[in-house]
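Survey of secondary and tertiary structure
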Amino acid sequence: MGKSRTKRFKRPQFSPTGDCQAEAAAANGTEPEEDDGPAAELLEKLQHPSAEVRECACAGLARLVQQRPALPGLARRDAVRRLGPLLLDPSLAVRETAAGALRNLSACGGFEVCDDMVTKDVMTPLVALLKEVCRFPSECSSRAVSIFNKEGCLEIVLKYLSRFSTNVDLAISVAYCLQTVTEDNPELLKSFSAPALHVLESAMLSPVSSMEYILLKTLVAGTIWNLKDIIPSKSQAEIINAILKILSEVLEMDAGETVIQMKETETQRIKTAAQTEDTLQNVNGDDLIEDDEMEEIPHRRKVRRKTFISDLLPPTDKELRETIALLTAQQTALEIIVNMCCSEDPTDDEWEELSSSDESDAFMENSLSECGGQLLSPLCLSHEVHTALTNYLIPKKIFEKTAFPNSIAVDVCSRNPSWKPLIRKMSTIQCRALVCLQSLVSLLDVDHLGGPAALQTLAQHLSQLLFSQPDFAKHVDFLEAISSALRALLQTVASKNIPQCMTPDQLLTLCRAGIHSSNVGVRVNVVSILGITGSVLAKEDGTLDTLKTIGCFLLEVATKDPSLVVAGEALDALFDVFADGKEAERASVQIKLLSALKEFQPVFKMKIRKEGRAKYSPDQLCVLDNVKMNLRRFVAYQETVEKRLTT
């Protein structure tokens, strides 16, 4: 795109099997029996600065490898090693075509070529490419999944997963891929045979407990959950129990303490290695001085010895990689639980990373310990899932993860550049836990949440999390996650007439800060929170001034927010707040709610008609149409209220 085409090459169509209309041109029409001349030329062109030339060279190789006489020449010239890096080429077309060439090479070259690919770690960039393509929106995503389904990739991927005991890093890459392609892919589910499920089960139930294996087992557990529809009913309980046992073990681990311990281990290991190397240098230096009194030669030999010893040391980021594996496993575990609780998958925005700060982790300690962690009993979940959630105390562990990251761990990471990114990863876990909490609270009956006291304690905890950060409005992702959890909790509390712990002033502070957020989700949440609060206050006496404040706030949002989704939510909140109650009626008249809504009504209709189809989804438009209809009815209701009060 944006580059002129060369006259010599024509852009080929991508095919995972390597078929290409320009293959003959790329191979220059040379017959395969003419030694390995074509192989040499095509492999040389893989390094060409033009992406189009590299693409056509890959396409030519994809055709060439299907001719058996050409395979020895390709092997001699190390085609696997030279094609592998192109899976990470800046050009997507080159990446795809290189994958096609490697696919044909593995199919035609037999097990020796496959083993060579493993040795040269081709699978890691290949899986990275597949994950990248699978994450593209709409058409590209379906295309990538279709390619995976039709080209028999499952069998190949499972083969590499089965080697988890000898190459766990490769198995983790494959597990990432499988979790991606098995989600909402009924066509692929049909391809899973009993042996395939056995491979997954073997990996998930591996007795190894290192942090890399914890991540592997968590990813495989997510894949198996995606396959739940094809698991025989007689095995459902056993499989679900195994999945949630793994998730429980993952969430049981204290990420903060692990960060501290692993950083200490790394520091001690590096210190010990440095001392050992210094000792060897001194010994070697003394010997050299005895053998040769010249100063320059021993100095040079000592430098060579230092380089040699350093090369023998294990990777210096071993502890860091293990810690990242654990944090990633905890994040993935929480995401799987959300998927278990929701009929629809969470959006990508809900999984954004966020900032962090310190906070006490004494959340709900007394309330939860009294119930043994068994606060949640999802009514809409299967009996098997409910039983496993309860048996493994997963609800309690989710609540614990909503606390801020360990302050000591944050301090340790902040003082080391390579560990600093872990601060965001620890905060991401907190965000995932809050999103998970939102899903659980939305699903459950109050009795299964521990009763009114437990809900009030939870509200107090969320309030402490929120207001312990004076600049909470700057942390957009955290604000969206916690406002979503608060919205769900306050809705449950209000629907059951349970006294709220958060004061109207606290909620107004949250809403005034959140309404200026660039994140639509945050604005929707704070508007909804005010609507819930106002509807409760409307039934109480002495709340006139607060209702007027809430009404003016919601009215301004409805008429001025650039997003119709937020405006529609604000109108819905106004309907809830001023639907009934003497204080609400008086407040509506005093803030001139009727005249403001009458003036805004045609504007709202025009915005829906003008912006609707271009900016909003069909589901959003359906909601907005419903709001528009309710606005007409509410205006008519307010006319009767105002007429009655002013007569």
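The shown structure was predicted, so the numbers you read here are calculated from the model rather than taken from an experiment.

To continue, consider the overall build of the protein. For the protein, the count of helices and strands is 31 helices and zero strands. The buried share of the protein, taken over its 647 residues, is 51%. Within the protein, residue pairs in contact and separated by at least 24 positions form 75% of the contacts whose partners lie at least 6 positions apart.

This part covers the pattern of salt bridges. Tallying each qualifying case throughout the model produces 20 salt bridges. A salt bridge links Glu-266 to Lys-263; the nearest nitrogen and oxygen atoms lie 3.2 Å apart. Linking Glu-266 with Lys-263, this pair stays in helix H15 (residues 255–291), spanning three residues, or about one helical turn. Since its relative accessible area comes to 11%, Lys-263 is described here as buried. Its salt-bridge partner being Glu-556, residue Lys-560 comes within 3.8 Å of it at the nearest N-O pair. Here the residue Lys-560 and the residue Glu-556 both occupy positions in helix H27 (residues 544–560), the gap between them amounting to four residues, near one helical turn. The exposure class of Glu-556 is partly exposed, given its relative accessible area of 46%.

A cluster of basic side chains, namely Lys-605, Arg-609, Arg-632 and Arg-633, defines a positive patch on the protein surface. Mapped onto the positive patch, the elements with two or more residues apiece are helix H30 (593–615) and helix H31 (618–646). Considering the arrangement of structural elements, one finds Arg-632 in helix H31. What makes Arg-632 partly exposed here is its relative accessible area of 49%.

Another aspect to go through is unusual backbone geometry. Of note, the phi angle at Asp-78 is positive, near 55°, even though the residue is not glycine. You can see Asp-78 is positioned in the loop between helix H4 (71–76) and helix H5 (79–83). Even without glycine at this site, Asn-497 takes up a positive phi of about 55°. Mapped onto the secondary structure, Asn-497 falls in the loop between helix H24 (476–495) and helix H25 (504–514). Assessed through its relative accessible area of 70%, Asn-497 is described here as exposed.

What follows covers the confidence of the model for the protein. The share of residues in the protein with pLDDT of 70 or more is 77%, and the mean pLDDT across the chain is 79. pLDDT under 50 marks residues 344–379. Its contacts with residues more than four places away, or in other chains, come to 92 contacts.

What follows deals with the packing of aromatic side chains. To describe a pair of aromatic rings, you give the distance between the ring centres and the angle between the ring planes. One pass over the full model with this rule turns up six aromatic pairs. On the basis of an interplanar angle of 45° and a centroid distance of 5.0 Å, the ring pair of Phe-575 and Phe-634 is categorised as tilted. Placement of Phe-575 in helix H28 (residues 564–577) and of Phe-634 in helix H31 is noted, with a sequence separation of 59 residues between them. Here Phe-634 and Tyr-637 contribute two aromatic rings whose centre-to-centre distance is 6.1 Å and whose plane-to-plane angle is 45°, an arrangement assigned as tilted. Residue Phe-634 and its partner Tyr-637 are both found in helix H31; the two are separated by three residues, about one turn of the helix. By relative accessible area, Phe-634 is classed as buried at 6%. According to the relative accessible area criterion, Tyr-637 is partly exposed, its value standing at 27%. In textbook terms, an aromatic cluster arises when at least three aromatic residues are bridged by ring pairs, as seen for Phe-575, Phe-634 and Tyr-637.

Before going further, it helps to examine the side chain of Asn-416. With respect to the helices and strands, the residue Asn-416 is situated in the loop between helix H21 (407–414) and helix H22 (421–443). For Asn-416, a relative accessible area of 18% puts it in the buried group. One polar contact links Asn-416 to Ser-418, side chain to side chain, over a distance of 2.6 Å.

Let us now look at the nonpolar core. Of all hydrophobic cores here, the largest spans 154 residues; its most connected members are Leu-216, Leu-244, Leu-462 and Leu-571. With near-sequence residues (within four places) excluded, Leu-571 lies in contact with Ala-558, Leu-597, Phe-600, Phe-604, Val-627 and Leu-631. Core analysis: the second largest hydrophobic core is formed by 25 residues, Leu-64, Val-65, Ala-70 and Leu-105 among them.

Before going further, it helps to spend a moment on helix H13 (residues 211–226). Look at H13: 23 Å from first C-alpha to last across 16 residues, which is about the 22 Å you get at 1.5 Å a residue. Within H13, 16 of the 16 residues are buried, leaving the element largely enclosed by the surrounding structure.

Parameters and conventions
Residues numbered from 1 in each chain as written. Predicted model: local features only at pLDDT ≥ 70, side-chain atom pairs only at ≥ 80, totals over all residues. Heavy atoms only, no water. Helix = DSSP H or I, 4+ residues; strand = E, 2+ residues; numbered from the N terminus. Buried < 20%, exposed > 50% of the residue type's maximum accessible area, 1.4 Å probe, protein only. Contact = heavy atoms within 4.5 Å. Salt bridge = Lys/Arg side-chain N within 4 Å of Asp/Glu carboxyl O. Patch = residues over 30% accessible without salt bridge, like charges linked within 9 Å, V, L, I, M, F, W, Y side chains within 5 Å. Areas by Shrake-Rupley, 256 points an atom, 1.4 Å probe, with all protein chains shown as cover. Lys, Arg positive; Asp, Glu negative; His and termini not counted. Charge placed at Lys NZ, Arg CZ, Asp CG, Glu CD. pLDDT = per-residue confidence, 0-100. Phe/Tyr/Trp six-rings, centres within 6.5 Å; stacked < 30°, edge-to-face > 60°. Polar contact = N/O pair within 3.5 Å; in protein donor to acceptor, adjacent residues only side chain to side chain. Core = buried A, V, L, I, M, F, W, Y, C linked by side-chain atoms within 4.5 Å. Expected span 1.5 Å × (residues − 1).

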